[in-house]
Structure formats: C-alpha cells, structure tokens
There are 2 protein chains.
Amino acid sequence: MEISAKDVMTLRKKTGVGMMDCKNALREAGGDIEKAVNILREKGIASAQKRSGRETKQGYIDTYIHPGSKLVAMVEINCETDFVARNSELQEFARNIAMHIAATNPLSVSEEDIDPEIIESEKEIYRAQALNEGKKPEFADKIVEGRVKKFYKESCLLNQNYIKDESSKTTIQDLLTDLIAKIGENIVIRRFARYEIGA
Amino acid sequence: MEISAKDVMTLRKKTGVGMMDCKNALREAGGDIEKAVNILREKGIASAQKRSGRETKQGYIDTYIHPGSKLVAMVEINCETDFVARNSELQEFARNIAMHIAATNPLSVSEEDIDPEIIESEKEIYRAQALNEGKKPEFADKIVEGRVKKFYKESCLLNQNYIKDESSKTTIQDLLTDLIAKIGENIVIRRFARYEIGA
C-alpha cells in the first residue's frame, strides 16, 4: 500500500524513530498510525530489554529547586556514552525525574533498593491489620501481598506513576524504557537525594 | 580618645557589625582597626557559641552544578527563622559551601558523623604503618592520634580549610562561626550530598 510522507512525518514526531522504520511500521499496520506506534514501541521495548545489561559509566546529573529553595531534588542518570549524556532528551528526562522526585518523595529507585527489614515490618503491620479487620487467615497472605505491591507502587521511583501524566498510567519505568528504546543505549537512574527543610 | 567616622565605617564594612559596637571596639583597641576586628570577632564568636544550642527549623538548600553536569553538590543550611533563610549572606554561604563540597568531597559534616568503625580501621592502618616505619610502640599512639586528626581535617566538612581562602587558614567551621556572629542566629550545616559520574 501507499504510505504518505505526511503520515511518516507524524509517526516520526510521535516516536522519534528513523524514517525507514516508520515507513515499515506503517506498512505493517496497514497505514494506521496508532497501530504503527504500538509496533514501534514493542520493537523498541524489545531492544531496550536487550540493552539493559550494558555497562553505564557515563551520565548526567540534574537538580530541581522548588521556588523558595526549601525543597530540592538531585538525580543521577547513567548511560553508556558521553554523546548520549549530552543528548537533550536524556537531559530533559533527568530534569523531569528530579521534579517528579521532589513531588513524590520516593524511598528508593527500585524494589531491590528497599531494606528487606522495612518490607518485613510493613508485612507484619498489613497482616495484623487484615486480621483485625476480620479477614480469615487463609486470605491474609493474599491481602498482604496486595498491600506490599501498593507500598512498592508508592515508595519506589520506578514503580510510581509519572506525575506529569494525567492519565496516571505511565510509570517511571515506562518512561525510562521508552527513552532507552528511542535513544538506543542502556540508561539507568542510578541514585537520587531529596532534601526538604523541616523534614 | 577620638574615633573617626571613617574608621567606624571601615570597621563596619569589614565585620558587618553595628555602628555602636564598632565604635566601642575601636575605643577598646585604641583606634587600631585590626585589633578592633579581633575584639569584635572574639565577641561575635562568644555570642555565636551561646546561640549554638538554639533550634533550627528553617533553612535554605542550594546546589552547585559543575559545568558539564557530571559533578553536582547539594547542601542544606538550617537556621532559626525564615527571615534569615532569605538573607542574601546566608544564601551566598550556602552557594559557597556547595561549591566547596563539590571540590573537596568530604565524607561527613562533622567528626561526630563519621562511622566509628571507619575511624577504628583507619587507626589500625596508621598504627601498622607507624610500626612498619620502625617507630617505637610507645610513640605509635601519638603518631596515630596525629594521623586521625589529619584524617578528620581532610574528611570532615567543618574541619576542612575553605578552598576559596588562599591563605588556607580559614576552616568551614570558622566561616560558619563568623556567619552566626554576623547574622545573630544559630545556623547549622545539616547535610549534604555529592554525586559524580563514575564515582
């Protein structure tokens, strides 16, 4: 089928992917732009996962200073090359993540970074709560599991919903995966710090 | 004796202290400006020490981003009132301390914040070094003590010499004490973080 140059341009703008890949995705999608976006995302995510083992020794650090200077967040983003560290999309990502951290106050970057003792003590509290609420012990495990998942969703940066996404469906991990797919290098949120006066 | 208005002005500019205090200090110093500076500093330090117990719930956070964004430091300064948190001298202090931290990479704010285990392991190394160098065991303690002091001087922000002071005689604690004396409120360097790509 015939793919219009206008559709290719639209798709390029939406995904940041190269022209030939956009053309092929549009062909595969029978000209449907939304379907083509999904095709490219799936391909991108597949390649992003392949990249996730690669070493990241370069990077970019950014801060967000809330007006009044009583709340500041700092985040370090790592990538493979200095060329990508200077990429404006990576730098915009860093800026957005710093602002997100200032707003949501996560405990850690990922689930693995949370002290297992915290999780154990949370689990005990959830179990006691479930039993107090009259839940049967055989259901308590399931309830505890659900609440731990919720705890991670609230406390781990990668699990959190991105504050700037009004639909609240995009997690920080989604954003990161998209960025890796788009840029074509492994990218990692290495660490962050958030200071707030009086906290 | 007669104190000239010009000398009072010079002293005020040097110390930031009020006119009457400057006049009195000049009288006490027999008109010698340098002596008067010392008198005011001693008085200021005395009053700064009196203030050091007061609660600091307000504050100001600043960052220093080294060109290239691969080295960033963040510091939180606490004080007693929001009025002082908005004081330009306090904010300049915060900026300078952030830059200093970026340059010197301290381990902690003060000696008390260093993990005692680190000090114990440093002491063992120093003792072994001293004995290896052929020092007598009875002198080793003295040598270890000297090297621990040097370790603190290199590792603790408050003990470090301020990088912008070319004479290398002013420590960060001196700067802080002067600021407290000048502003008249307890001020504390609460915490800092320093991120460097690849470190």
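Structure: above.
Starting from 1, residues in each chain are numbered consecutively following that chain's sequence as written. Chain labels run from A onward and ligand labels from 1 onward, assigned in the order the entries are written. Selection of residues for local features in this predicted model requires a pLDDT of at least 70, selection of side-chain atom pairs for listing and counting requires 80 or more, and totals for whole chains, interfaces and linings are taken over all residues. Hydrogens are left out, water is left out, and the side-chain values use all remaining heavy atoms of the structure.

Caption draft 1: Seen up close, the sheet that holds strand β3 (residues 187-196) of chain A. Residues and elements named next belong to chain A. Strand pairing is assigned whenever DSSP identifies at least 2 bridges connecting the two strands. Only DSSP runs of H or I reaching four residues or more are called helices, and only runs of E reaching two or more are called strands; each is numbered from the N terminus. Judged by pairing direction, the sheet is antiparallel, and its 3 strands sit side by side in the order β1-β2-β3 without closing on themselves. Single-partner strands in this sheet number two, and they are β1 (58-65) and β3. Here the strands of the sheet are splayed against their neighbours by 15 degrees on average, with no regard to which way each runs. In this structure, strand β2 (residues 71-79) lies alongside β3, joined through 9 bridges in antiparallel fashion. Across the sheet, the residue bridging to V72 is Y195, located in β3. Here a residue-residue contact requires only that any non-hydrogen atoms of the pair lie within 4.5 Å. Between the N-to-C directions of two axes lies an angle of 0 to 180 degrees, each axis being a line fitted to C-alpha atoms and, for a helix, fitted only over the stretch in contact. Along the sheet face, helix α5 (residues 88-104) touches β1, β2 and β3 and points at about 140 degrees away from the line of β2.

Caption draft 2: Region of interest: the nonpolar core. Formed by 29 residues in total, the largest nonpolar core has its most connected members in A:V75, A:I77, A:L90, A:I97, A:I187 and A:I189. Among the secondary structure elements, those contributing two or more residues to this core are β1, β2, α4 (82-85), α5, α8 (172-183) and β3 of chain A. At 7 residues, α5(A) tops the list of elements feeding residues into this core. Setting aside chain neighbours within four positions, we find A:I187 in contact with A:T56, A:I77, A:N78, A:C79, A:L90, A:L176, A:L179 and A:I180. B:I77, B:L90, B:L158 and B:I187 belong to the second-largest nonpolar core, a separate cluster that totals 28 residues. Put simply, a nonpolar core is a bunch of buried Ala, Val, Leu, Ile, Met, Phe, Trp, Tyr and Cys residues held in one set by side-chain atoms that sit within 4.5 Å of each other. Exposure categories follow from relative accessible area, calculated using a 1.4 Å probe and restricted to protein chains: below 20% of the type maximum is buried, above 50% is exposed, and the middle band is partly exposed.

Caption draft 3: Inspection of the packing of helix α1 (residues 5-15) of chain B against helix α2 (residues 19-28) of chain B at higher detail. Residues and elements named next belong to chain B. Running from N to C, α1 and α2 cross one another at 110 degrees; their axes reach a closest spacing of 9 Å. It follows from the interaxial angle that α1 and α2 lie roughly perpendicular. Between α1 and α2 lies a crossing of right-handed hand. Counting all contacts with α1, which are made through D7, V8, L11, R12 and T15, the residues of α2 involved are M19, C22, K23, A25 and L26. Under the convention adopted here, Pro, Cys and the residues Ala, Val, Leu, Ile, Met, Phe, Trp and Tyr are nonpolar, Asp, Glu, Lys and Arg are charged, and Gly plus all remaining residues are polar. Residues belonging to the contact of α1 with α2 are distributed by class as follows: 6 nonpolar, 1 polar and 3 charged. Orientation is classified from the angle alone, with under 35 degrees giving roughly parallel, over 145 giving roughly antiparallel, 65 to 115 giving roughly perpendicular, and any other angle giving oblique. Helix crossings are classified by the rotation of the near helix relative to the far one: an anticlockwise turn of less than a right angle makes the crossing left-handed, while a clockwise turn makes it right-handed.

Caption draft 4: Region of interest: the interface of chain A and chain B. Of the residues lining the interface, 29 residues belong to chain A; the matching set on chain B comes to 29 residues. As a working definition, buried area equals the accessible area (1.4 Å probe) given up by two parts on being put together, with both sides summed. Around 2,200 Å² of area is buried between chain A and chain B when both sides are counted, 59% of it from carbon and sulfur atoms. Per-residue buried area on chain A facing chain B is highest for A:I61, A:M74 and A:Y195; these three make up 33% of the total on that side. Any carboxyl oxygen of Asp or Glu that lies within 4 Å of a side-chain nitrogen of Lys or Arg is treated as forming a salt bridge with it. The interface formed by chain A and chain B contains 2 salt bridges. The salt bridge partner of A:K70 is B:D82, with a shortest N-O separation of 2.9 Å. Only β1, β2, α4 and β3 of chain A provide two or more residues apiece to the side of chain A that touches chain B.

Caption draft 5: Spatial organisation of the relation of the copies chain A and chain B. With an RMSD of 0.2 Å, chain A superimposes on chain B once it is rotated by 180 degrees and translated 0.2 Å along the axis. Look at the turn and shift together and you get a two-fold axis relating the two. Of the interface residues in chain A, 100% have counterparts in chain B that sit at the interface too, so the contact is made through matching surfaces. Superposition of the copies used a least-squares fit over C-alpha atoms from residues whose pLDDT is at least 70 in both.

Caption draft 6: A look at the pairing of β2(A). All names here are of chain A. Summarising burial for β2: 9 of the 9 residues are buried, a large majority. Here β2 shows two buried faces, one formed by L71, A73, V75, I77 and C79 and the other by V72, M74, E76 and N78. Pairing of β1 with β2 involves 8 bridges; the strand directions are antiparallel. Residue pairing across strands places G59 opposite N78, the latter belonging to β2. In sequence, β1 turns back onto β2 through a hairpin of 5 residues, with G68 there showing a positive phi of about 105 degrees.

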